[in-house]
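# What the coordinates show
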Amino acid sequence: MSVNAIIQARCGSTRFPKKVFADINGKPLLWHVVNRLKYTSLIDDIVIATTVNPKDDAIEEWCRKEQVKYFRGSEEDVLNRYYSAFIAFPSDVIVRVTADDPFKEPSVIDKVISKLLNEKYDLVTNNFPPSFPEGLDCEAFNFEVLATMEYSTQDSFEREHVTQYAYHNPDKFRIGNVVSDCQLSSYRWTIDNEEDYEMVKAVYSHRKENTDGPLLMDEILEILKEHPEISQVNSGVKRSAMYQ
């Protein structure tokens, strides 16, 4: 049973252009997203799905340099980009990851994948409804679900947000949800604009010296407990509807 993570990434964000290359603790945001996936137990391969827009030549160059697989497809039709990336790099299971999130939690991703494989769901997520911090969300689904979504909707919102067709048609899919031990969805750990970026940098600035490996959720929560002012840095940013 092969599992590929497909990371959607582009340079053309209107609110924070080229944020995938924003420096975080000496490495670009995109590096952090890719690196954290390497700490999962169940992901076999990682593919970055970027666009054919010339702005994203830089992402292709980065992938070549870092020896990360990549695919270039539609900028607006992200669902088709995922579908086409799957055709180029087939697997039994697809894990959807967005390149906005420097704090993806490897153990949570493994729980999402395990639930999909062991409980025969069509799609499993961890924000339906949310209980983890915004920015730790992920989804896993099989190819049949991806193909059904690709060929069933022409709605622009559903094609931009990849899996929304499944959530809008729960009678057609068996959807599972991984739940946190405690309610943490009030936290915002994603990067959409400069305030979010400053918050992430502030978290890293308080990490203990000589600490190896990715900065994981428990350590982040401890930092925020000791420095509650950090969460205020991006508290005024408008959140996605699911986390409001």
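The structure displayed is predicted, hence computed values, not measured ones.

## Digging into the nonpolar core
Core analysis: the biggest nonpolar cluster contains 54 residues, and Ile7, Ile43, Ile48, Val95, Phe103, Trp189 and Val203 have the highest contact counts within it. When residues of this core are assigned to their parent elements, the largest contribution, six residues, is made by helix α8 (residues 194–205). Residues within four places of Ile7 in sequence aside, it is in contact with Val33, Val34, Leu37, Ile46, Val47, Ile48, Ala49, Tyr82, Val97, Thr98 and Ala99. Counting 23 residues, the second largest nonpolar core, distinct from the first, contains Ala49, Tyr82, Tyr83 and Phe86.

## A few points about the sheet that holds strand β5 (residues 69–73)
The strands making up a sheet are joined through hydrogen bonds of the backbone, oriented either antiparallel or parallel. Spatially, the seven strands line up as an open sheet ordered β5-β4-β1-β6-β8-β7-β9, and their pairing is mixed. Of all the strands in the sheet, just β5 and β9 (175–177) have a single pairing partner and so form its edges. With direction set aside, neighbouring strand axes in the sheet form an average angle of 25 degrees. Pairing analysis gives five bridges linking strand β1 (residues 3–8) to strand β4 (residues 45–51), with the strands arranged parallel. From the neighbouring strand, Ile6 faces β4, where its bridge partner is Val47.

## Digging into the pattern of salt bridges
If you walk through the whole model with that rule in mind, you get 17 salt bridges. As a salt-bridge pair, Arg72 and Glu60 come within 2.7 Å of each other at their nearest N and O atoms. With a gap of 12 residues between them, Arg72 in strand β5 and Glu60 in helix α2 (residues 57–66) connect regions that are remote in the sequence. Comparing Arg72 with Glu60 shows no difference in burial state: the two are buried. Put simply, Arg188 and Glu134 hold a salt bridge, and the shortest N to O gap is 3.2 Å. Highlighted residues: Arg188 in the loop between β9 and α8 and Glu134 in the loop between β7 (123–125) and β8 (139–142), separated in sequence by 54 residues. We note that Arg188, like Glu134, is buried. Salt bridges sharing partners connect three or more residues here, namely Arg15, Lys19, Asp100 and Asp192.

## As for the state of the cysteines
Going through the model one piece at a time under the given rule, you end up with zero disulfides. With no disulfide partner, Cys138 has as its closest neighbouring cysteine sulfur the one in Cys182, 17 Å distant. Residue classification places Cys138 among the buried residues on the basis of a relative accessible area of 3%.

Procedures and definitions
- Residues numbered from 1 in each chain as written.
- Predicted model: local features only at pLDDT ≥ 70, side-chain atom pairs only at ≥ 80, totals over all residues.
- Heavy atoms only, no water.
- Core = buried A, V, L, I, M, F, W, Y, C linked by side-chain atoms within 4.5 Å.
- Buried < 20%, exposed > 50% of the residue type's maximum accessible area, 1.4 Å probe, protein only.
- Helix = DSSP H or I, 4+ residues; strand = E, 2+ residues; numbered from the N terminus.
- Contact = heavy atoms within 4.5 Å.
- Pairing = 2+ DSSP bridges.
- Axes fitted to C-alpha atoms, helices over the stretch in contact; angles between N-to-C directions.
- Salt bridge = Lys/Arg side-chain N within 4 Å of Asp/Glu carboxyl O.
- Disulfide = S-S within 2.5 Å.

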